[in-house]
Amino acid sequence: MTALEPRDADVSPRTEDTVEALGTAVAAAPDGVLGRTYRALSIGIVSVVFLIAFEATAVGTAMPVAARELHGIPLYAFAFSAYFTTSLFAMVLSGQWADRRGPLAPLAAGISAFGAGLLLSGTAGTMWMFIAGRAVQGLGGGLVIVALYVVISRAYPEHLRPSILAAFAASWVIPSVVGPLASGSVTEHLGWRWVFVGIPVLVVFPLALALPAIRRTASGPADPSAPAVPYDRRRIALALGISLGAGLLQYAGQERDWFSLLPAAAGVALLVPAVRGLLPPGTGRAARGLPAVVLLRGVAAGSFIAAESFVPLMLVTQRGMSPTMAGLSLAAGGGTWALGSYVQSRPRAEAHRERLMVGGMVLVAAAIAAAPAVLIDGVPVWTVAVAWAVGCFGMGVVIASTSVLLLKLSAPEEAGANSAALQISDGLSNVLLLAAGGAAFAALGGGAVGAVHEAVEAGASGSHPGAFAVVFLPMAGVALVGAWVATRVRTNA
């Protein structure tokens, strides 16, 4: 999520009701995720997700100003995709690390790298140094997210997994409300750098709370009596190949000249065998069951994140909004994402999970298609907020459901590898669709640095509206493809 894919200074009544209902539901069971057995662990790992969520919402708000001041608008998409590119390698490494040694070490290493990357970006003097910081963040994020899935697989019984995943979604609510407001205010009054260098302070609390609880409940290999299995060097090499290949394709898409065909060809040569080796057989053709689940995760996350990454920039440059208000236009999505995740977690939803996922992808496609309507001056800017709230509800249903289905279809000793495959699909789709969207955006004049600088300072329109439309409308089509993939997640059809 963000990650990724993957969210008004006051919490709306709907958001309060969502959080209260979720808390009541999970605490009601005598041994629920907030019961005595799981309370410390649940609070700890949800705090880790809270940190990632706060970073995503805060950084997204500050990004247009950071790119402008570093003269890096043409590289705007790189600032997002660098995170996902390096996380692809880290996901595979984390899956093997966690399966063999337990999730504790990759989680601690990931949180540390995540904070270091934020500091590097916050002190960057050039756009490429800023992008390097985002890449270090991606290494940390990739280690963390897979390790968390292994924790869930090891520590929680199957009937509690939908609830803890719904709690993950609920942990986006407060960052979605506070993050854009805090980040926008800090950016406008102190500068965007403070957004990045201030967030690592939040690392201390998740480390202090989560790691001891994980050590007690989910440390060590899945089967301590079994002989240690060596690391699969082939899979690690493939993971490196997938990261390098995705990076080369992203670079070629930004350059857009005849010489860029060489890195593009090299990227494809690295990417194709790596994808075939790291994702379940049949993923490319949406084979029923686990392959379709993995593919759906990528289609959903990639289309949504690629579109969402350009929403603040569109509102700042085309409608003259401040970074704070542009970020807040997406704030309602945190509550509706949590609500969608809560809906899928109800026991009655299990029999209807496939139809819920199809409906969720239709909502995502509709939201992405509706967002660029604000490029028309007569359309009120709050249209984006409404559309994104609807789309986030659909994403809440789909993302949590793919996680539930993946763990259901995975043996305990395969949870790390399969979770890595799910996150690779998520991250790779983000990189490729951001690369495609960023190239199209730049090709239609969206990367005019001087125009964007004038737009940010004076509230004028700085980029051709078509540069944004060519990002959003194809992504809506990709999301519709996801609605078809969602019909194939059941294995008994």
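Every chain begins its residue count from 1, and numbering advances along the sequence as written. For this predicted model, a pLDDT threshold of at least 70 governs which residues receive local features, and a threshold of 80 or more governs which side-chain atom pairs are given and counted, while totals over whole chains, interfaces and linings are taken from all residues. Note that the side-chain values use all heavy atoms of the structure and ignore hydrogens as well as water.

### Some remarks on helix α18 (residues 415–443)
Phase 1: With 29 residues, α18 should reach 42 Å at 1.5 Å per residue; the first-to-last C-alpha distance of 42 Å fits that figure.
Phase 2: When a residue's accessible area, from a 1.4 Å probe over protein chains only, is under 20% of the maximum for its type it is buried; when over 50% it is exposed; and in between it is partly exposed. The secondary structure listing takes helices from DSSP runs of H or I that are at least 4 residues long and strands from runs of E that are at least 2 residues long, numbered from the N terminus. By the criterion of burial, α18 is predominantly enclosed, with 24 of the 29 residues buried. Take the residue count of a helix, subtract one, and multiply by 1.5 Å to get its expected span.

### Considering the pattern of salt bridges
Phase 1: Salt bridges are counted wherever a side-chain nitrogen of Lys or Arg sits within 4 Å of a carboxyl oxygen of Asp or Glu. According to the stated counting rule, one finds five salt bridges in the structure shown.
Phase 2: Between E350 and R353 there is a salt bridge, and its shortest N-O distance comes to 2.8 Å.
Phase 3: Residue class for E350 comes out partly exposed when judged on its relative accessible area of 32%.
Phase 4: On the basis of relative accessibility, which here comes to 5%, the residue R353 falls in the buried class.
Phase 5: Via salt bridges that share partners, E350, R353 and K408 belong to a single interconnected network.

### Comments concerning a nonpolar patch on the surface
Phase 1: Patches here: salt-bridge-free residues with over 30% relative accessible area, like charges joined within 9 Å, nonpolar side chains (Val, Leu, Ile, Met, Phe, Trp, Tyr) joined within 5 Å. Accessible surface is estimated by sampling points in the Shrake-Rupley manner with a 1.4 Å probe; for residues, cover comes only from the protein chains shown. On the surface, a cluster of nonpolar side chains totalling about 370 Å² of accessible area is made up of L363, W382, V386 and V390.
Phase 2: Looking at which element gives the most residues to the nonpolar patch, the answer is helix α17 (residues 382–408), with three residues.
Phase 3: Considering the arrangement of structural elements, one finds W382 in helix α17.

### Observations regarding the packing of aromatic side chains
Phase 1: Only centres within 6.5 Å qualify two rings of Phe, Tyr or Trp (six-membered ring in Trp) as a pair; their planes then separate them into stacked at under 30 degrees, edge-to-face at over 60, and tilted for everything else. Taken as a whole and judged by the stated rule, the model has seven aromatic pairs.
Phase 2: Ring centres of F130 and W192 lie 5.7 Å apart, and the angle between their planes is 80°; this geometry places the pair in the edge-to-face category. Of this pair, F130 sits in helix α5 (residues 127–155) while W192 sits in the loop between α7 (173–189) and α8 (193–198), and the two are 62 residues apart along the sequence.
Phase 3: A centroid spacing of 5.0 Å and a plane angle of 25° characterise the contact between F304 and W388, whose relative ring orientation is stacked. In this pair, F304 is assigned in helix α12 (residues 290–308) and W388 in helix α17, connecting sequence segments 84 residues apart.
Phase 4: Of the residues examined, F304 reaches a relative accessible area of 0% and is grouped as buried.
Phase 5: Overall, W388 belongs to the buried group, its relative accessible area being 0%.
Phase 6: Feature note: the residues F130, W192 and F196 constitute an aromatic cluster, connected by ring pairs.

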